Amino acid sequence: MIFYELVVSFMIFEKIKIFDGFMKAGIYTFVNPYSYLKIRNYARVDKIDSIMVDGIVAVIIFKLLGFKCKRQSFDMTSLAPMVFKWASEENKKIALIGAQIGVAEKAAQFFIGQYPAANFTYIRDGYFKNDAEFSECARYLSAHVKPDIVIVGMGAPLQEEFLVELKSLGWQGLGFTCGGFLHQTACKGIKYYPDTINKLNLRWVYRMYDEPKLIKRYVFDYPKFFFFVVYDLLKKK
């Protein structure tokens, strides 16, 4: 079992890339120190097309370990504006899935305010009653809605699993995981981080201030991330 888990974690290193700005069909996810711990043993990580590094701490550590990367995430400080602008100009169909009931709808209204031509054809929460409902949602999207872009914010590894499931059904669109982005937008609007916070790469500090429940994650999981990413990399070599 340990060997299998290590093999899976190695795939993460092979898939770490910088998003090149071209809207190619595929599944894109993002690892920060917290989500790395969640997906390092995710069985179907090989089905993900690219993994990008989110969070300045993770970027620094990966760079020290020899990876070419920069901070990228699906939010308004990174890739989301580029994707929404492109989708609006090309009339691409967008599906939003994630957060609690009503949150994704509220976030969509902020997105539409910024990108009036954005075509949000499917929106729902990220809470499913069971695995059957989870799979049925993926089948419905693939067979009937057929969105060009799917943005999923359920937390790792559920958000990755949803996109992988969708891809396994033959869907050939562009998929992004987005963590807490929908929740943040619904609560604070398009501009979640103050300019100074964003400029100084102190987003993690602001998130602890805004969501104190995350303090435990930063205090305990970030040190664990450093240990496991080095452990996985040394075992790989």
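Scroll up to find the structure.
Residues numbered from 1 in each chain as written. Predicted model: local features only at pLDDT ≥ 70, side-chain atom pairs only at ≥ 80, totals over all residues. Heavy atoms only, no water.

A. Quick look at the environment of Met 208. Looking at where Met 208 falls in the secondary structure, it is placed in helix H10 (residues 203–210). Taking the C-alpha atoms as reference, Met 208 lies 28 Å from Lys 17; in sequence the two are 191 residues apart. What Met 208 contacts, discounting residues up to four positions off in sequence, is Ile 215 and Tyr 218. (Helix = DSSP H or I, 4+ residues; strand = E, 2+ residues; numbered from the N terminus. Contact = heavy atoms within 4.5 Å.)

B. Structural context of the sheet that holds strand E3 (residues 93–98). The parallel open sheet is built from six strands, whose spatial order is E2-E1-E6-E5-E3-E4. Looking at strand neighbours, the two that pair on one side only are strand E2 (50–53) and strand E4 (119–124), the edges of this open sheet. Pairwise comparison of adjacent strand axes, ignoring direction, gives a mean angle of 20° for this sheet. Relative to E2, strand E1 (residues 26–31) is paired through four bridges, and the arrangement is parallel. (Pairing = 2+ DSSP bridges. Axes fitted to C-alpha atoms, helices over the stretch in contact; angles between N-to-C directions.)

C. Expanded view of the pairing of strand E5 (residues 149–153). For E5, the tally of buried residues reaches five of five residues, placing the bulk of the element in the interior. Burial along E5 is two-sided: Ile 149, Ile 151 and Gly 153 facing one way and Val 150 and Val 152 facing the other are all buried. Of the strand pairs in this sheet, E3 and E5 are connected by five bridges, and their pairing is parallel. Its bridge partner being in E5, Ile 97 is matched across the sheet by Val 152. Across four bridges, the pairing between E5 and strand E6 (residues 174–177) is parallel. Residue Ile 151 lies in a different strand from E6, and its bridge partner there is Phe 176. (Buried < 20%, exposed > 50% of the residue type's maximum accessible area, 1.4 Å probe, protein only.)

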